[in-house]
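These are the residues of each chain, in order.
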Amino acid sequence: MGRGDLTNAEWARLKPHLPKHGQRGGRWASHRRIINGILFRQRTGVPWRDLPARFGPWKTVYERHRRWSADGTWDKIFAAVLADADAAGRVDWSMVSVDSTSCRAHQHAAGARRRGPRVPGKRRTPRHHRPDEGLGRSRGGLTSKIHLAGEGGCRPLALLLTPGQWGDAPQFIPVLERIRVRRPGGGHPRTRPDHLGGDKAYSSRRNRRYLRRRQIKHTIPEPKDQRAHRTRRGSRGGRPAGFDKTMYKRRNEVERTINALKNFRAVATRFDKRAYVFYGSVTVAAIRLWLRP
């Protein structure tokens, strides 16, 4: 086993959730070797063509990652791994925080064909495909932004990809809507944390109204301008937002989650031209974090 490869314990957790048959009914071969090759590329950020020969043909490794990113296989594996972790009591629902991080896009990430991609073998666009390819322009160049919700154990529960210049507050509800952890006994998946945290960027009437409607306790500080505007309106401005200093100290957990994701160099710097492939890369990194004990 090479450095960074799946351990036997991690492989035992992952293997039951992998697809058994390929596109034309044939069985997939060498799942473990191919996934180790994908993880090697995610960890080091090397071009696909420079993968070591021990992982097999580089094109086989790349095509499987691209195919599973397009048809949602990585999403299904991520959901299954999350369900197993929740059944084992490894998900800390006591505090779930929302945050975002910008990823600098390499020059090779630009220049994708304007013609929309297709799922291999099917006449539909891939999941998580974006016409803008999730690339935004700023003074620093091309960037992408990862919005995520992280649990108390510093692991992600939900992911969302946007261009780098997009704001955080409008993506607050879409990120929370992606939290769906299946229950082992069936029934509705769990979607509500015990407590939710966020920084000032997520303070808005729309977001607070959404949290109250879903009866989610939250700790989001109110910016000075919003506080002054509410005070100026008097009784029409509503009541002050509650704030728990002790719970807010735990917001560092989502920042540590982001740091853990960015330890994968292919996540910290975007090299993929297509947004759905980069989203698959981030999902693979999240799966690896959940496989670790």
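A short tour of the structure in this document, coming up.

Scoring rules and cut-offs
Residues numbered from 1 in each chain as written. Predicted model: local features only at pLDDT ≥ 70, side-chain atom pairs only at ≥ 80, totals over all residues. Heavy atoms only, no water. 1 Å grid on protein atoms, 1.4 Å probe; cavity = no way out; pocket = protein on both sides within 12 Å on 5 of 7 lines; lining within 4 Å. Points joined across faces, edges and corners; volume = space filled by probe spheres on them. Helix = DSSP H or I, 4+ residues; strand = E, 2+ residues; numbered from the N terminus. Nonpolar A, V, L, I, M, F, W, Y, C, P; charged D, E, K, R; others polar. Core = buried A, V, L, I, M, F, W, Y, C linked by side-chain atoms within 4.5 Å. Buried < 20%, exposed > 50% of the residue type's maximum accessible area, 1.4 Å probe, protein only. Contact = heavy atoms within 4.5 Å. Axes fitted to C-alpha atoms, helices over the stretch in contact; angles between N-to-C directions. Parallel < 35°, antiparallel > 145°, perpendicular 65-115°, else oblique.

All right, on to empty space enclosed by the protein then. Tallied over the full model, the rule gives three cavities of 30 Å³ or more. Here the largest cavity defines a volume of roughly 60 Å³. Lining the largest cavity, in full, are Leu6, Leu14, Ile35, Leu39, Trp74, Val284, Ile287, Arg288 and Leu291. Counting only elements with at least two residues in the lining of the largest cavity, the list comes to helix H2 (31–44) and helix H11 (275–291). Residues of the lining of the largest cavity, tallied by class, amount to eight nonpolar, no polar and one charged. Computed from the structure, the second largest cavity encloses a volume of approximately 40 Å³. Forming the boundary of the second largest cavity are Trp68, Ser69, Gly72, Trp74, Asp75, His128, Tyr276, Tyr279, Gly280 and Thr283. Residue assignment for the lining of the second largest cavity shows that the elements contributing at least two residues are helix H3 (58–70), helix H4 (73–87) and H11. When residues of the lining of the second largest cavity are assigned to their parent elements, the largest contribution, four residues, is made by H11. Of the residues belonging to the lining of the second largest cavity, the class tally is four nonpolar, five polar and one charged.

Here we take up the nonpolar core. Among the nonpolar cores identified, the biggest contains 61 residues, and Leu14 and Phe172 are the most heavily contacted of them. The element contributing the most residues to this core is H11, with eleven residues. Setting aside residues no more than four positions away along its own chain, Phe172 makes contact with Val98, Leu196, Tyr202, Asn207, Leu211 and Ile220.

The next point concerns unusual backbone geometry. A positive phi angle, near 70°, is found at His128, a position not held by glycine. Residue position: His128 is located in the loop between strand E1 (96–105) and strand E2 (136–138). Phi angles above zero are rare outside glycine, and Cys154 is one such case at about 65°. By the element assignment, Cys154 lies in the loop between strand E3 (141–150) and strand E4 (156–163).

The geometry of H2 relative to H11 is characterised by a closest axis approach of 10 Å and an angle of 105° between their N-to-C directions. Here H2 is positioned roughly perpendicular relative to H11, judged by the angle of their axes. Counting all contacts with H2, which are made through Ile38, Leu39, Arg41 and Gln42, the residues of H11 involved are Ser281, Val284 and Arg288.

Checked against the element boundaries, Asn8 lands in helix H1 (residues 8–14). Using a relative accessible area of 59% as the deciding quantity, one classes Asn8 as exposed. Sequence separation between Asn8 and Arg180 is 172 residues; the distance between their C-alpha atoms is 28 Å.

Here the focus is the layout of surface pockets. Empty pockets left among the atoms are what a rolling probe the size of a water molecule brings to light. If you add up the space inside the largest pocket, you get close to 610 Å³. Together, 21 residues line the largest pocket, and Trp48, Tyr62, Phe271, Asp272 and Lys273 are the ones closest to its centre. Of all the secondary structure elements, the ones that give two or more residues to the lining of the largest pocket are H3 and H11. Sorting elements by how many residues they give to the lining of the largest pocket places H3 first, with four residues. Looking at side-chain class alone, the lining of the largest pocket contains nine nonpolar, four polar and eight charged residues. There is about 520 Å³ of room inside the second largest pocket. Looking at the second largest pocket, it is lined by 17 residues, and the ones nearest its centre are Arg208, Arg212, Arg230, Arg239 and Ala241. Broken down by secondary-structure element, the contributors of at least two residues to the lining of the second largest pocket are helix H6 (205–213) and helix H7 (224–232). Here the lining of the second largest pocket takes four residues from H6, the largest share from any one element.

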